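Here is what each chain is made of, one letter per residue.
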Amino acid sequence: MEPTEQLAIILPTITDLVDRVQPDDLSNPTPCERFALADVLDHMITLGGAFGPMFRGEEPTESAPPGRNGTVPAAEFRTVMDDLLDAVRAEGAMERSIAAPVGEMPGETFARLVAFDGLVHGWDIARAAGLPYDLPDDVVGAVESFAHGAITAEMRDGDTFKDPTTPPAGATHIERVAAFSGRTV
């Protein structure tokens, strides 16, 4: 499955989740130990806003996390994720060499990392807000297959990725991916 196909499902699904997040949820802890729910949203808005230009071959712009004043930045999140999806679909985006946070790589490889990161952070959002997170098994399977081959021991520095955890017996497909990313399921 192409990374553009994965992101065409993952990003709108996460955006729909964010539309249902309530202001009271923003301080809830997430399975990503460093982040409360508001921090995950800020992280995704900031990085998504930088990644879009990278896929277009442009210099990323630096942006500050949104000032939310107790509100959920759903509109900003949607705008950034829509732009990111447009960017990965842009002509030449998959072939372009991208200076990603984890090193130089082809756009296609970076898009697959973005899909993995997005899938897992979507799970973080859903868990923190108590919302269902349903993605097709073929999408989760494609992301998982890539991640198992791409996430190296060197990338597991405790910051970029933690060491994998053991998912419980009967874990769902997405829970297994979350455990592989270092989340406690």
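It should be noted that the structure appears before, not after, this text.
Residues numbered from 1 in each chain as written. Predicted model: local features only at pLDDT ≥ 70, side-chain atom pairs only at ≥ 80, totals over all residues. Heavy atoms only, no water.

A. View of the nonpolar core. Grouped together as the largest cluster of nonpolar side chains are 62 residues, with contacts concentrated most on Ile10, Phe55, Phe110, Phe116, Leu119, Ile125 and Tyr133. Looking at this core, the elements that each hand over two or more residues are α1 (3-20), α2 (37-56), α3 (74-88), β1 (97-100), α4 (107-129), α5 (137-150) and α6 (173-180). The element contributing the most residues to this core is α4, with 13 residues. In contact with Ile10, other than residues within four places in its own chain, are Ala115, Gly118, Leu119, Tyr133, Leu135, Val139 and Val143. (Core = buried A, V, L, I, M, F, W, Y, C linked by side-chain atoms within 4.5 Å. Buried < 20%, exposed > 50% of the residue type's maximum accessible area, 1.4 Å probe, protein only. Helix = DSSP H or I, 4+ residues; strand = E, 2+ residues; numbered from the N terminus. Contact = heavy atoms within 4.5 Å.)

B. How the structure looks around the environment of Leu131. Along the chain, the position of Leu131 falls in the loop between α4 and α5. A C-alpha to C-alpha distance of 8.1 Å links Leu131 and Arg20, two positions 111 residues apart in sequence. Ignoring any residue separated from it by four or fewer positions in sequence, one finds Leu131 in contact with Leu17, Arg20, Val21 and Ala126.

C. Structural context of the packing of aromatic side chains. Applying the stated rule across the entire model yields 3 aromatic pairs. Ring geometry for Phe55 and Phe110: centres 5.3 Å apart, planes at 25 degrees, overall stacked. Of this pair, Phe55 sits in helix α2 while Phe110 sits in helix α4, placing them 55 residues apart in sequence. Of the residues examined, Phe110 reaches a relative accessible area of 3% and is grouped as buried. Residues Phe116 and Phe180 carry aromatic rings whose centres are separated by 6.4 Å and whose planes lie at 65 degrees to one another, so their mutual orientation is edge-to-face. Of this pair, Phe116 sits in helix α4 while Phe180 is found in helix α6, placing the two residues 64 residues apart along the sequence. Judged on exposure class, the residue Phe116 and its partner Phe180 are both buried. Connected via pairs of aromatic rings, a cluster forms that spans Phe51, Phe55 and Phe110. Taking the ring centre of Phe180 as reference, the NZ or CZ of Arg156 above it sits at 4.5 Å. (Phe/Tyr/Trp six-rings, centres within 6.5 Å; stacked < 30°, edge-to-face > 60°. Lys NZ or Arg CZ within 6 Å of the ring centre and 35° of its normal.)

D. Spotlight on α1. Spanning 18 residues, α1 covers 26 Å between terminal C-alpha atoms, matching the ideal 26 Å at 1.5 Å per step. As for α1, its buried residues are in contact with α2, α3, α4 and α5. (Expected span 1.5 Å × (residues − 1).)

E. Looking closely at the pattern of salt bridges. As enumerated under the stated definition, the model contains 6 salt bridges in all. Note that Arg56 and Asp83 form a salt bridge whose closest N and O atoms lie 2.7 Å from each other. Of this pair, Arg56 sits in helix α2 while Asp83 sits in helix α3, and the two are 27 residues apart along the sequence. Among the residues examined, Arg56 registers a relative accessible area of 28% and is labelled partly exposed. We note a salt bridge from Asp124 to Arg183, for which the minimum N-O separation is 2.7 Å. Note that Asp124 is positioned in helix α4 and Arg183 in the segment after α6, a separation of 59 residues in sequence. Arg183 shares its class with Asp124; the two are buried. (Salt bridge = Lys/Arg side-chain N within 4 Å of Asp/Glu carboxyl O.)

F. Fine view of the packing of α1 against α5. Remark: α1 packs on α5, axes separated minimally by 10 Å, with the N-to-C direction vectors making an angle of 120 degrees. Viewed along their axes, α1 and α5 form a crossing whose handedness is left-handed. The segment α1 lies against α5, with Gln6, Ile9 and Ile10 engaging Val139, Ala142 and Val143. Of the residues that constitute the contact of α1 with α5, the class distribution is 5 nonpolar, 1 polar and no charged. (Axes fitted to C-alpha atoms, helices over the stretch in contact; angles between N-to-C directions. Left-handed = near helix turned anticlockwise from the far one by under 90°. Nonpolar A, V, L, I, M, F, W, Y, C, P; charged D, E, K, R; others polar.)

G. Broad picture of a negative patch on the surface. A contiguous patch of negative charge on the surface is contributed by Glu2, Glu5, Asp137 and Asp138. Along the chain, the position of Asp138 falls in helix α5. The class of Asp138 is partly exposed, set by a relative accessible area of 47%. (Patch = residues over 30% accessible without salt bridge, like charges linked within 9 Å, V, L, I, M, F, W, Y side chains within 5 Å. Areas by Shrake-Rupley, 256 points an atom, 1.4 Å probe, with all protein chains shown as cover. Lys, Arg positive; Asp, Glu negative; His and termini not counted. Charge placed at Lys NZ, Arg CZ, Asp CG, Glu CD.)

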